[in-house]
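# A look at the structure
Residues per chain, in single letters:
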Amino acid sequence: MPSVSAAQHAIDPVKLEKLAEVAVNIGLRLERGQDLVMTAPIAALPLVRLITKHAYAVGAGLVTTLYSDEETTLARYQYAPDESFDRATDWLYEGMAKAFAGNAARLAISGDNPMMLAAQDPAKVARANKATSIAYKPALEKISNFDINWNIVSYPNPAWAREVFPDDPEQVAIEKLANAIFAASRVDVADPIAAWTEHNANLAKRSSWLNGERFSALHYTGPGTDLTIGLADRHEWHGGASTAKNGITCNPNIPTEEVFTTPHALRAEGYVSSTKPLSHQGTLIDNIRVRFEGGRIVEAKAGKGEEVLNKVLDTDEGARRLGEVALVPHSSPISASGILFYNTLFDENASCHIALGQCYSKCFLDGASLSQEQIAAQGGNSSLIHIDWMIGSDKVDIDGLREDGSKVPVMRKGEWA
Ligand code: ZN
Ligand code: ZN
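Residues numbered from 1 in each chain as written. Chains lettered and ligands numbered in written order. Predicted model: local features only at pLDDT ≥ 70, side-chain atom pairs only at ≥ 80, totals over all residues. Heavy atoms only, no water.

Each helix and strand in the chain was counted, giving 13 helices and 20 strands. Against the compact-globule benchmark of 22 Å for 417 residues, the chain has a radius of gyration of 20 Å, which places it among compact chains. Considered along the principal axes of its C-alpha atoms, the chain spans approximately 60 × 50 × 45 Å. A buried classification covers 54% of the 417 residues belonging to the chain. Across the chain, contacts joining residues at least 24 apart in sequence account for 76% of those joining residues at least 6 apart. Entry remark: accessible area of the chain is about 17400 Å², with carbon and sulfur atoms responsible for 53%. (Helix = DSSP H or I, 4+ residues; strand = E, 2+ residues; numbered from the N terminus. Rg over C-alpha atoms; globule rule 2.2 N^0.38 Å. Buried < 20%, exposed > 50% of the residue type's maximum accessible area, 1.4 Å probe, protein only. Contact = heavy atoms within 4.5 Å. Areas by Shrake-Rupley, 256 points an atom, 1.4 Å probe, with all protein chains shown as cover.)

Our next topic: the sheet that holds strand E4 (residues 150-154). Pairing within the open sheet is parallel, and its 4 strands lie in the order E2-E1-E3-E4. Edge positions in the open sheet fall to strand E2 (63-68) and E4, since each of these has one partner strand only. The sheet shows a mean angle of 15° between the axes of neighbouring strands, direction not considered. Sheet strands in contact with helix H2 (residues 13-28) are strand E1 (36-41), strand E3 (105-110) and E4, and its direction is about 155° off that of E4. Packing against the sheet, helix H3 (residues 45-57) makes contact with E1, E2, E3 and E4, and its axis sits at approximately 165° to E1. (Pairing = 2+ DSSP bridges. Axes fitted to C-alpha atoms, helices over the stretch in contact; angles between N-to-C directions.)

So, on to the side chain of His280. Turning to its location among the elements, His280 is positioned in strand E12 (residues 278-280). Judged by its relative accessible area of 13%, His280 is buried. Each residue touching His280, except ones within four places of it in the same chain, is listed here: Asn129, Ile285, Val308, Val312 and Ile387.

Laid out in structure tokens, this is it:
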């Protein structure tokens with residue numbers, strides 16, 4: 001394993017600094033005096049330092065980072081007592097929820113080894129995930145309800161780079177992953193802030209067209225797919241920058257290529273096949289085929305990882321229903337790169353996708369003022385999980401269905417029609 005400085009050597013320092021600037025000034029748009037709570041793999045320390053510097057430079061109050069580390073996570077699976085897998089650090093998540101309630105912003109640096117837990121007992125992984133989901137819920141709700149500005153960016157962690165480019169020497173793999181992250185995050189250009197402003201305007205144009213059409217459902221056809229997804233009542237499409245309830249307009253995901261809305265939890269009919277593998281907390285789930293009846297998955301198969309998939313679906317009632325539908329053209333820069341990142345933040349932006357579980361309340365007209373009961377009444381799903389998986393490709397067509405039964409082409413062979 002190379003030293004930290006050797007790994008850093010493979011990462012362009014100018015572009016890394018631009019990524020930190022984009023995270024703070026586009027991703028979060030931190031306000032003067034606003035606190036920031038960051039989570040990061042320990043390998044991402046160089047990016048954490050740059051983000052912290054830029055956050056304080058724009059007037060952040062307190063910047064706090066919580067680190068994770070692969071070896072200490074694996075030590076738990078090897079040595080911790082069995083009963084501890086039904087527990088989580090409630091006190092830590094309560095503290096995060098308290099920070100968000102006090103208007104702290106949230107930044108997550110992703111970059112964990114996607115295969116970290118692949119060799120661990122799936123039952124233990126599922127129990128630990130469930131305990132964490134329950135403990136994290138009060139904090140996660142502040143994010144899924146968009147109470148505060150939040151952002152995710154990625155760092156080319158060596159362990160992740162080795163998974164994505166297994167045939168390359170480590171230094172080459174890190175350099176390739178770093179450059180792919182920089183390109184997808186639009187920081188490989190002279191003026192990333194201008195590039196993001198233009199990109200946000202394009203995504204806003206797509207979502208306002210869809211909002212004007214007010215489709216009641218989308219119909220997907222392709223190999224192994226014939227699926228009708230009803231959209232929630234008074235749904236609203238979003239894409240790119242959007243405004244949190246605290247009034248700050250931010251770009252939660254970097255990168256992002258999607259426009260997305262809330263499907264109706266009770267109105268999905270038909271079958272659908274995944275078009276890319278899903279890397280879920282250390283397990284690869286591939287060739288997913290599911291059948292929906294009345295919005296509920298009644299049959300789920302996978303070529304790989306079927307046991308994990310079915311455990312995920314059994315998390316709670318909402319885990320079998322849809323919480324997000326997103327449109328991404330097949331020609332998106334991430335798809336064009338041809339790289340499978342084993343990381344949803346990137347892979348979901350390569351392809352049209354749907355998500356099982358929790359919906360986003362912002363994807364409703366006047367979403368900010370709706371209660372959980374009103375959201376549910378309009379078809380919004382609720383669950384401990386939110387898992388995106390890819391169903392788009394250059395072989396998938398999508399039609400918008402109007403209330404009167406007429407059809408409008410939305411996508412043909414994976415591109416905007
Ligand atoms: Zn999405
Ligand atoms: Zn999603």
